[in-house]
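Below, each chain spelled out in residue letters.
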Amino acid sequence: MGYLIRDCLRCGTSHVQMQIKGHATIDKLNFEMFMVCNSCGRSSIYQGQPQQNFSDDRNLEDGRSIHNTPVQIYPKTPVLREDIPERTRNLFKQAATCLRYGLSEPAGAMFRKTIDVGTKEFYSNDARLKDKQPANALRSRLKALGDMKILDADIVELADIAALDGNDATHDEDPYTTIEAEALEELTIDLLDRLFVRPATIARVRAKQIASGLRKSDVDTEGGGV
Ligand SMILES: [Zn+2]
């Protein structure tokens, strides 16, 4: 039976022989190989271009190229538009990754942090808030965005629930459930969409209309332009 020599990630044994127990064909050259460690008996999947008579007793790697480390699968997270600042997108990705690993407590806390940092970045990026200082407390900041009619009342109310929900004191004895963390993810996407994506989309369409002569300028439009 074909084998590989690898460091086993399952038991930590270095340079151990692993036997092939099965394979998947990607194309004529590339395969995924289901390998079982001689030391611990557990499996790992390796990708590469092996010798193809898998039942022959030989090193599958002889003269061929096979990845040094096994295939590792990372959960896919929703991809946010680049109109949202990078720091906020990174925080969201960490929160969404925690959620998909079943870690609802860090996911909930990180979604709240995403909202916290996202609203602060909104203050420093949005022309309408040029001379305004964001409130330190997240809930006050959200309320101010509602009072200035930058956010609709319904999203302010939802975000306020999230802000309160993510408060450490509230959650000391009351951990996030998966359902709560999933709801927070949806809310975070909605909030970031309203803060960053919609205004940027409107600005792009408006600029295109002006460039094509369809719209004279943005000065006479409602709200004085973006
Ligand atoms: Zn092993």
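This one's a predicted model, so the numbers in the text were calculated from it and none came from an experiment.

A. Quick look at the sheet that holds strand 3 (residues 31-37). Read from one edge of the open sheet, five strands run 1-2-3-4-5, paired in antiparallel fashion. Edge strands, defined here as strands with exactly one partner in the open sheet, are strand 1 (3-6) and strand 5 (65-66). In this structure, strand 1 lies alongside strand 2 (residues 16-25), joined through four bridges in antiparallel fashion. Pairing of Ile5 across the sheet is with Gln17, part of strand 2.

B. Representation of the environment of Asp83. Counting through the fold element by element, Asp83 comes out in the loop between strand 5 and helix 1 (86-100). Sequence-wise, Asp83 and Arg198 are 115 residues apart; in three dimensions their C-alpha atoms are separated by 9.0 Å.

C. Highlighting the domain arrangement of the protein chain. Each assigned domain of the protein chain is listed here: domain 1 (3-66) and domain 2 (86-201). Here the C-alpha centroids of domain 1 and domain 2 sit 45 Å apart.

D. Summary view of the nonpolar core. Formed by 28 residues in total, the largest nonpolar core has its most connected members in Ala95, Ala107, Met110, Phe111 and Ile115. Broken down by secondary-structure element, the contributors of at least two residues to this core are helix 1, helix 2 (104-125), helix 3 (138-147), helix 4 (153-165) and helix 6 (178-211). With residues near it in sequence (within four places) discarded, Ala95 still touches Ala107, Met110, Phe111 and Thr114. Counting residues in each nonpolar core, the second largest holds eight residues, with Cys8, Phe31, Met35 and Cys37 among its members.

E. Spatial organisation of the packing of helix 1 against helix 6. Orientation of helix 1 relative to helix 6, taken along the N-to-C sense of each, is 160°, at an axis distance of 10 Å. Considering their axes alone, helix 1 and helix 6 lie roughly antiparallel with respect to each other. Our pair here, helix 1 against helix 6, has a crossing hand that is left-handed. The residues of helix 6 that touch helix 1, namely those facing Thr88, Phe92, Ala96 and Leu99, are Ala181, Glu182, Glu185, Thr188 and Leu192. Per-class residue counts for the contact of helix 1 with helix 6 are five nonpolar, two polar and two charged.

F. Helix 2, seen in detail. Helix length check: helix 2 (22 residues) gives 31 Å between terminal C-alpha atoms against 32 Å at 1.5 Å per residue, within 8%. For helix 2, the full list of buried residues reads Ala107, Gly108, Ala109, Met110, Phe111, Arg112, Thr114, Ile115, Gly118, Thr119 and Phe122.

G. Fine view of helix 3. Those residues of helix 3 that sit buried are Leu138, Arg141, Leu142 and Leu145. Viewed along the axis of helix 3, the buried residues span an arc of 100°, placing them on a single side of the element. Facing away from the buried surface of helix 3 by more than 90 degrees, the exposed residues are Ser140 and Asp147. Positioned one or two residues after helix 3, Lys149 has a phi angle of 65°, which is positive.

H. Quick look at the pairing of strand 3. Side chains Phe31, Met33, Met35 and Cys37 of strand 3 all project onto a buried face; the interleaved residues Glu32, Phe34 and Val36 project onto a face where none is buried. Bridge analysis of strand 2 against strand 3 gives seven bridges, and the strand direction is antiparallel. Across the sheet, Ala24 pairs through a bridge with Glu32, a residue of strand 3. Across six bridges, the pairing between strand 3 and strand 4 (residues 43-49) is antiparallel. In the strand pairing of strand 4, Phe34 is matched with Ile45. Where strand 3 hands over to strand 4, the hairpin turn is made up of five residues, of which Gly41 adopts a positive phi near 80°.

Analysis parameters
- Residues numbered from 1 in each chain as written.
- Predicted model: local features only at pLDDT ≥ 70, side-chain atom pairs only at ≥ 80, totals over all residues.
- Pairing = 2+ DSSP bridges.
- Helix = DSSP H or I, 4+ residues; strand = E, 2+ residues; numbered from the N terminus.
- Domains from an automatic or database assignment.
- Core = buried A, V, L, I, M, F, W, Y, C linked by C-beta atoms within 7 Å.
- Buried ≥ 20, exposed ≤ 12 C-beta atoms within 10 Å, placed from the backbone.
- Contact = placed C-beta atoms within 7 Å.
- Axes fitted to C-alpha atoms, helices over the stretch in contact; angles between N-to-C directions.
- Parallel < 35°, antiparallel > 145°, perpendicular 65-115°, else oblique.
- Left-handed = near helix turned anticlockwise from the far one by under 90°.
- Nonpolar A, V, L, I, M, F, W, Y, C, P; charged D, E, K, R; others polar.
- Expected span 1.5 Å × (residues − 1).
- Arc of directions from axis to C-beta.

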